[in-house]
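Chain by chain, the residues run as shown.
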Amino acid sequence: MNGLELLLPAAQVVLSLVFLVSGAAKLGAAEQLQDAMRSLRLPARSLHAVAARVVPLAEIAGALLIWVPWRPLQVALAVAQLLLALAYLVIIVRALGFEEKVTCSCFGSLASPTVSGATAARNVLLVVLAGLALGGAVAGALASAVVTAPVTLLALAVALVMAMALTVLAMGGLRPDSASTPAPASAAARQPAPTRPSPIPGITTVDAEDVDPSEIGEDGMLDYERSVTPFGMMRLEDESYLSLREATAAQANLLLLINPGCGPCERVLDEVPGWERELEGIVQIRTLFSQEPSKLSPSVRERAGRLPAQDPEGNIRRAFAISGYPGAVLLGADGMTAGGPVVGGEGVRQFAEEIIEQIREARAAGELPEPAPEATPGSERSAAGQA
């Protein structure tokens, strides 16, 4: 048996294992996949949810069916896998040209989520492997080996699985999803969890089932420990600077810390315009980025709301010990924290929706005014300066 006769079936086996691992890693990461599709700016967004469930199953099915010793089926599957590998490569190369770094879940919870030159190189190797696998399928290499040397083929597959497992372990195993990593408590924003922020500064509520009876005072109220708003500076669109104390002098602020290109962050950005309409006149939303607002890409800027700003050197993020993106914290107009911090796309979304729901209830009860007509964006420092 010459080298080519060994290489072609080996390529088929390796490709089968790669797609099997990739599909399995994606099975429990449908939301991550949708975030990745959004970050990668894939079209037909209405189909992303379906694709996030179909792609992993298709990868697994193709990886398993390739072992059926029928040449026409193997050729068809090999062509499909090659086209899929090419599509992945085109998507990654395209993403390298975006203004901001992009995260994806090409291998679910495995490998680095940040799209880089190494990601493109990996996908080039995947295309080469898929090409060799197609050659093996056309030659009937794997189909023949399954029938004539199944024990040898099984031994090869086991050796490859062990090598892949060893590689994953050597790289540190499964990577945690940094976007959903809970933020550690800090002196600046330590509070009981889970909390439900109130739209009225100075009040924070918690879910009844999460309350320890020993924490309820004689007046029937929960003893809630709020914190003084820490020092922090943001850089505005006009390149001036504004402190957290100035920003909240006249109105509560919901700070959203965003990293463009991060899938959960993209999901949060999509919600910002709607949240602003719901919170109008009660809570200001400020979207904070590591770069200057003027340098945001048009697709990010149009969803960043009325008050985008820069978090210079991550000083605000550090002040609240927010360990991942996206993050959120609610600051009251009384110089105290009123809710959060929370981290992760779903956590931030729930946090904002809880604030909105309480404001709706307060408005329905006549405790808060209805939203005023949409205001024309102007100088935001005037209110702080008059306070």
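Residues numbered from 1 in each chain as written. Predicted model: local features only at pLDDT ≥ 70, side-chain atom pairs only at ≥ 80, totals over all residues. Heavy atoms only, no water.

The subject of this paragraph is unusual backbone geometry. Of note, the amide linkage connecting tyrosine 325 to proline 326 takes the cis form, showing an omega dihedral of -15°. Position of proline 326 relative to the elements: it lies in the loop between helix 11 (315–319) and strand 8 (327–331). Here glycine 340 and proline 341 are connected by a cis peptide whose omega angle stands at 5°. Tracing the chain through its elements places proline 341 in strand 9 (residues 337–343). Phi at glutamate 239 takes a positive value of approximately 75°, unusual for a residue other than glycine. Note that glutamate 239 resides in the loop between strand 3 (233–235) and strand 4 (241–243). One non-glycine residue, glutamate 313, adopts positive backbone phi at about 55°. As for its placement among the helices and strands, glutamate 313 is situated in the loop between strand 7 (308–310) and helix 11. (Helix = DSSP H or I, 4+ residues; strand = E, 2+ residues; numbered from the N terminus.)

Inspection of the entire model under this criterion finds 14 salt bridges. Salt-bridge contacts for arginine 235 lead to glutamate 239; the nearest nitrogen and oxygen are separated by 3.8 Å. For glutamate 276, the salt bridge goes to arginine 306, with nearest N and O atoms at 3.9 Å. Of this pair, glutamate 276 sits in helix 9 (residues 263–279) while arginine 306 sits in the loop between helix 10 (298–301) and strand 7, and the two are 30 residues apart along the sequence. What makes arginine 306 partly exposed here is its relative accessible area of 26%. Overlapping salt bridges bring together Arg45, Glu266, Asp270 and Arg303 as one network. (Salt bridge = Lys/Arg side-chain N within 4 Å of Asp/Glu carboxyl O. Buried < 20%, exposed > 50% of the residue type's maximum accessible area, 1.4 Å probe, protein only.)

Our next topic: the nonpolar core. Leu254, Leu256, Trp275, Leu279 and Val283 are the most contacted members of the largest nonpolar core, which has 29 residues in total. When contributions to this core are tallied by element, the ones reaching two or more residues are strand 5 (252–257), helix 9, strand 6 (283–289), strand 8 and helix 12 (345–364). For this core, the element with the highest residue contribution is helix 12, accounting for seven residues. Ranked by size, the runner-up nonpolar core spans 16 residues in total, among them Met234, Leu244, Ala247 and Val343. (Core = buried A, V, L, I, M, F, W, Y, C linked by side-chain atoms within 4.5 Å.)

Glancing now at the environment of leucine 126. Secondary-structure assignment places leucine 126 in helix 5 (residues 117–139). Note: C-alpha distance between leucine 126 and leucine 82 (44 residues apart in sequence) is 8.5 Å.

At their nearest, the axes of helix 9 and helix 12 sit 10 Å apart, and the two run at 10° to each other. Taken as axis vectors, helix 9 and helix 12 run roughly parallel relative to one another. Along its contact with helix 9, which presents Pro264, Arg267, Val268, Trp275, Glu278 and Leu279, the element helix 12 presents Gly345, Glu346, Val348, Arg349, Ala352, Glu353, Ile355, Ile356, Ile359, Arg360 and Arg363. Broken down by class, the residue content of the contact of helix 9 with helix 12 amounts to nine nonpolar, one polar and seven charged. (Axes fitted to C-alpha atoms, helices over the stretch in contact; angles between N-to-C directions. Parallel < 35°, antiparallel > 145°, perpendicular 65-115°, else oblique. Contact = heavy atoms within 4.5 Å. Nonpolar A, V, L, I, M, F, W, Y, C, P; charged D, E, K, R; others polar.)

A surface patch of nonpolar side chains, about 280 Å² in accessible area, is lined by Leu65, Val68 and Trp70. Position of leucine 65 relative to the elements: it lies in helix 3 (residues 48–65). (Patch = residues over 30% accessible without salt bridge, like charges linked within 9 Å, V, L, I, M, F, W, Y side chains within 5 Å. Areas by Shrake-Rupley, 256 points an atom, 1.4 Å probe, with all protein chains shown as cover.)

Another point: the confidence of the model for the protein. Caution applies to low-pLDDT regions: their predicted coordinates should not be interpreted in detail. Here the protein averages 78 in pLDDT, while 75% of its residues score no lower than 70. Element-level pLDDT for the protein is lowest in helix 13 (residues 381–386), with a mean of 42, against a maximum mean of 95 in strand 3. For residues 375–387, every residue scores under 50 in pLDDT, and the model assigns this stretch 13 contacts once sequence neighbours within four places are set aside. (pLDDT = per-residue confidence, 0-100.)

Moving on, we get to the pairing of strand 6. For strand 6, the buried fraction is high: six of the seven residues fall into the buried class. As paired strands, strand 5 and strand 6 are joined by six bridges and run parallel to one another. Opposite leucine 254, over in strand 6, you have isoleucine 285 as the bridge partner. Each parallel crossover has a hand, and for strand 5 linked through helix 9 to strand 6 it is right-handed. Sheet topology note: the strand 6/strand 7 ladder contains three bridges and is parallel. Across the sheet, the residue bridging to threonine 287 is proline 308, located in strand 7. (Pairing = 2+ DSSP bridges. Right-handed = clockwise from strand over helix to strand, strands pointing away.)

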